[in-house]
Amino acid sequence: MSKDFDIDDPSGRELAERAAAARMEYEQQLWAKALMTEEGRFLACFVLEQSGFYRASFSDDDRLTSFREGRRSIGSIVRDAVLAVHRQRLEQLEREAEEREELYRARAGAG
(Lines give C-alpha, C1' and ligand atoms only; values in the text may rest on other atoms or scores of the structure.)
Protein backbone atom coordinates (compact mmCIF):
# COMPACT_ATOMS: atom_id res chain seq x y z
CA MET A 1 0.00 0.00 0.00
CA SER A 2 1.19 3.49 -0.70
CA LYS A 3 0.16 6.64 1.07
CA ASP A 4 -1.09 9.48 -1.10
CA PHE A 5 0.73 12.77 -0.79
CA ASP A 6 -0.53 16.20 -1.83
CA ILE A 7 1.84 16.78 -4.74
CA ASP A 8 0.46 20.30 -5.21
CA ASP A 9 2.04 21.15 -1.86
CA PRO A 10 5.86 21.49 -2.21
CA SER A 11 6.49 19.72 1.10
CA GLY A 12 4.10 16.94 0.07
CA ARG A 13 5.89 16.52 -3.26
CA GLU A 14 9.27 16.38 -1.52
CA LEU A 15 7.97 13.82 0.97
CA ALA A 16 6.54 11.71 -1.86
CA GLU A 17 9.89 11.80 -3.70
CA ARG A 18 11.82 10.78 -0.58
CA ALA A 19 9.35 7.96 0.10
CA ALA A 20 9.68 6.70 -3.49
CA ALA A 21 13.48 6.79 -3.27
CA ALA A 22 13.44 4.92 0.04
CA ARG A 23 11.09 2.31 -1.39
CA MET A 24 13.26 1.80 -4.48
CA GLU A 25 16.39 1.42 -2.33
CA TYR A 26 14.64 -1.12 -0.08
CA GLU A 27 13.33 -3.10 -3.07
CA GLN A 28 16.81 -3.20 -4.60
CA GLN A 29 18.22 -4.53 -1.32
CA LEU A 30 15.59 -7.27 -1.29
CA TRP A 31 16.25 -8.18 -4.93
CA ALA A 32 20.00 -8.30 -4.26
CA LYS A 33 19.40 -10.66 -1.33
CA ALA A 34 17.02 -12.87 -3.30
CA LEU A 35 19.33 -13.09 -6.31
CA MET A 36 22.16 -14.35 -4.14
CA THR A 37 20.19 -17.58 -3.63
CA GLU A 38 19.42 -20.30 -6.14
CA GLU A 39 15.77 -20.15 -5.10
CA GLY A 40 15.55 -16.41 -5.69
CA ARG A 41 17.12 -16.71 -9.13
CA PHE A 42 14.78 -19.60 -9.93
CA LEU A 43 11.72 -17.53 -9.01
CA ALA A 44 12.90 -14.53 -11.04
CA CYS A 45 13.56 -16.79 -14.03
CA PHE A 46 10.22 -18.55 -13.56
CA VAL A 47 8.36 -15.22 -13.75
CA LEU A 48 10.35 -14.21 -16.83
CA GLU A 49 9.53 -17.49 -18.56
CA GLN A 50 5.85 -17.61 -17.53
CA SER A 51 5.31 -14.00 -18.53
CA GLY A 52 6.37 -14.79 -22.07
CA PHE A 53 9.20 -12.29 -21.80
CA TYR A 54 11.41 -14.26 -24.18
CA ARG A 55 8.65 -14.95 -26.72
CA ALA A 56 7.05 -12.76 -29.36
CA SER A 57 3.74 -11.26 -28.25
CA PHE A 58 2.23 -10.47 -31.62
CA SER A 59 -0.64 -12.38 -33.16
CA ASP A 60 -3.27 -11.85 -35.84
CA ASP A 61 -5.74 -11.44 -32.98
CA ASP A 62 -5.41 -7.97 -31.40
CA ARG A 63 -6.91 -9.17 -28.12
CA LEU A 64 -4.40 -11.99 -27.83
CA THR A 65 -1.56 -9.60 -28.62
CA SER A 66 -2.79 -7.20 -25.92
CA PHE A 67 -3.07 -10.04 -23.42
CA ARG A 68 0.43 -11.29 -24.20
CA GLU A 69 1.89 -7.77 -24.02
CA GLY A 70 0.26 -7.23 -20.62
CA ARG A 71 1.64 -10.50 -19.33
CA ARG A 72 5.03 -9.72 -20.85
CA SER A 73 5.13 -6.36 -19.06
CA ILE A 74 5.36 -8.25 -15.75
CA GLY A 75 8.48 -9.99 -17.04
CA SER A 76 9.87 -6.63 -18.05
CA ILE A 77 9.40 -5.33 -14.50
CA VAL A 78 11.26 -8.35 -13.10
CA ARG A 79 14.06 -8.05 -15.66
CA ASP A 80 14.47 -4.34 -14.90
CA ALA A 81 14.61 -5.09 -11.16
CA VAL A 82 17.30 -7.71 -11.72
CA LEU A 83 19.30 -5.38 -13.96
CA ALA A 84 19.04 -2.58 -11.39
CA VAL A 85 20.77 -4.85 -8.89
CA HIS A 86 23.39 -6.47 -11.11
CA ARG A 87 23.51 -7.24 -14.82
CA GLN A 88 25.55 -10.42 -14.28
CA ARG A 89 22.78 -11.87 -12.09
CA LEU A 90 20.45 -11.82 -15.11
CA GLU A 91 23.03 -13.70 -17.15
CA GLN A 92 23.50 -16.15 -14.28
CA LEU A 93 19.81 -16.91 -13.87
CA GLU A 94 19.43 -17.38 -17.63
CA ARG A 95 22.37 -19.83 -17.64
CA GLU A 96 20.86 -21.70 -14.71
CA ALA A 97 17.52 -21.89 -16.54
CA GLU A 98 19.23 -23.48 -19.54
CA GLU A 99 20.98 -25.96 -17.24
CA ARG A 100 17.63 -26.85 -15.61
CA GLU A 101 16.07 -27.44 -19.03
CA GLU A 102 18.92 -29.76 -19.97
CA LEU A 103 18.46 -31.63 -16.69
CA TYR A 104 14.70 -31.96 -17.26
CA ARG A 105 15.26 -33.30 -20.78
CA ALA A 106 17.86 -35.78 -19.51
CA ARG A 107 15.50 -36.98 -16.77
CA ALA A 108 12.76 -37.42 -19.39
CA GLY A 109 15.13 -39.44 -21.55
CA ALA A 110 15.12 -36.88 -24.34
CA GLY A 111 18.57 -35.45 -23.78
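In the block above lies the structure referred to throughout.
Residue positions are counted from 1 within each chain, in the order its sequence is given. Local features are withheld for residues below a pLDDT of 70 in this predicted model, meaning they are given only at 70 or higher, and side-chain atom pairs are given and counted only at 80 or more; totals for whole chains, interfaces and linings count all residues. Hydrogen atoms and water are omitted, and side-chain values are computed over all heavy atoms in the structure.

Break down helix α2 (residues 38-50) for me, citing the residues and quoting the values.
Turn by turn, an α-helix covers 3.6 residues, leaving residues three or four places apart pointing in a common direction. Its 13 residues give α2 an end-to-end C-alpha distance of 18 Å, which sits within 8% of 18 Å, the value for a rise of 1.5 Å per residue. Burial status follows relative accessibility: with a 1.4 Å probe on protein chains alone, a residue under 20% of its type maximum counts as buried, one over 50% as exposed, and anything between as partly exposed. A run of DSSP states H or I qualifies as a helix once it reaches four residues; a run of E qualifies as a strand once it reaches two. Both are numbered from the N-terminal end. Three or more residues of α2 are buried, namely G40, R41, A44, C45 and L48. Along the axis of α2, the buried residues cluster in a sector spanning 130 degrees; they form a single face. For α2, the exposed residues lying more than 90 degrees away from the buried face are E38, E39 and L43. At its buried positions, α2 is contacted by α1 (10-35), α3 (62-85) and α4 (87-108). Of the residues trailing α2, G52 is marked for its positive phi of about 80 degrees. Given a helix with a known number of residues, its expected span is that number minus one, times 1.5 Å. Within this analysis, the arc is defined by the directions that extend from the helix axis to the C-beta atoms. Should any heavy atoms of two residues lie within 4.5 Å, those residues are considered in contact.

For a nonpolar patch on the surface, give the residues involved together with the corresponding values.
Two distance rules govern patches: like charges are joined within 9 Å, and nonpolar side chains (Val, Leu, Ile, Met, Phe, Trp, Tyr) within 5 Å, applied only to residues with over 30% relative accessible area and no salt bridge. Accessible surface is estimated by sampling points in the Shrake-Rupley manner with a 1.4 Å probe; for residues, cover comes only from the protein chains shown. Should a side-chain nitrogen of Lys or Arg be within 4 Å of a carboxyl oxygen of Asp or Glu, the pair is scored as a salt bridge. Taken together, the side chains of F42, L43, F46, L103 and Y104 define a hydrophobic patch exposed on the protein surface, amounting to about 450 Å² of accessible area. Of the residues forming the nonpolar patch, the biggest block, three residues, is contributed by α2.

Hey, could you go over the side chain of R100 for me, with residue numbers and the actual values?
In this structure, R100 sits in helix α4. This count recognises Lys and Arg as positive and Asp and Glu as negative, with His and chain-terminal groups excluded. Buried charge R100 goes without a salt bridge, the closest partner of opposite sign being E96 at 4.6 Å. The residues touching R100, leaving out its near neighbours within four places in the chain, are F42 and C45.

Explain the pattern of salt bridges residue by residue, including any values.
When the charged atoms of two side chains with opposite charge come close together, those side chains can pair. Applying the stated criterion across every chain yields a total of five salt bridges. Across the pair E27 and R23 runs a salt bridge, and its minimum N-O distance is 2.7 Å. Taken together, the residues E27 and R23, both in helix α1 and four residues apart, mark about one turn of the helix. The partner of R79 in a salt bridge is D80, and the shortest N-O contact between them spans 2.7 Å. Accessibility expressed as a relative area gives 25% for R79, which makes it partly exposed. For D80, a relative accessible area of 38% gives the class partly exposed.

Please set out the packing of aromatic side chains residue by residue, giving values where relevant.
To describe a pair of aromatic rings, one takes the distance between the centres and the angle between the planes. The pairing test for Phe, Tyr and Trp rings, Trp by its six-membered ring, is centres within 6.5 Å, and the orientation test on the planes gives stacked under 30 degrees, edge-to-face over 60, and tilted for anything in between. For the structure shown, the criterion picks out two aromatic pairs. Measuring from ring centre to ring centre gives 6.1 Å for F42 and F46, while their planes differ by 25 degrees; the resulting arrangement is stacked. Linking F42 with F46, this pair stays in helix α2, spanning four residues, or about one helical turn. By relative accessible area, F42 is classed as partly exposed at 32%. The interplanar angle of 85 degrees and the centroid separation of 5.3 Å between the aromatic rings of F53 and Y54 together place this pair among those described as edge-to-face. Y54 gets classed as partly exposed once you look at its relative accessible area, which sits at 44%. Comment: the charge-over-ring label is applied if NZ (Lys) or CZ (Arg) is within 6 Å of the ring centre and within 35 degrees of the ring normal. The ring of F53 has R72 lying over it, and the distance from NZ or CZ to the ring centre is 5.0 Å.

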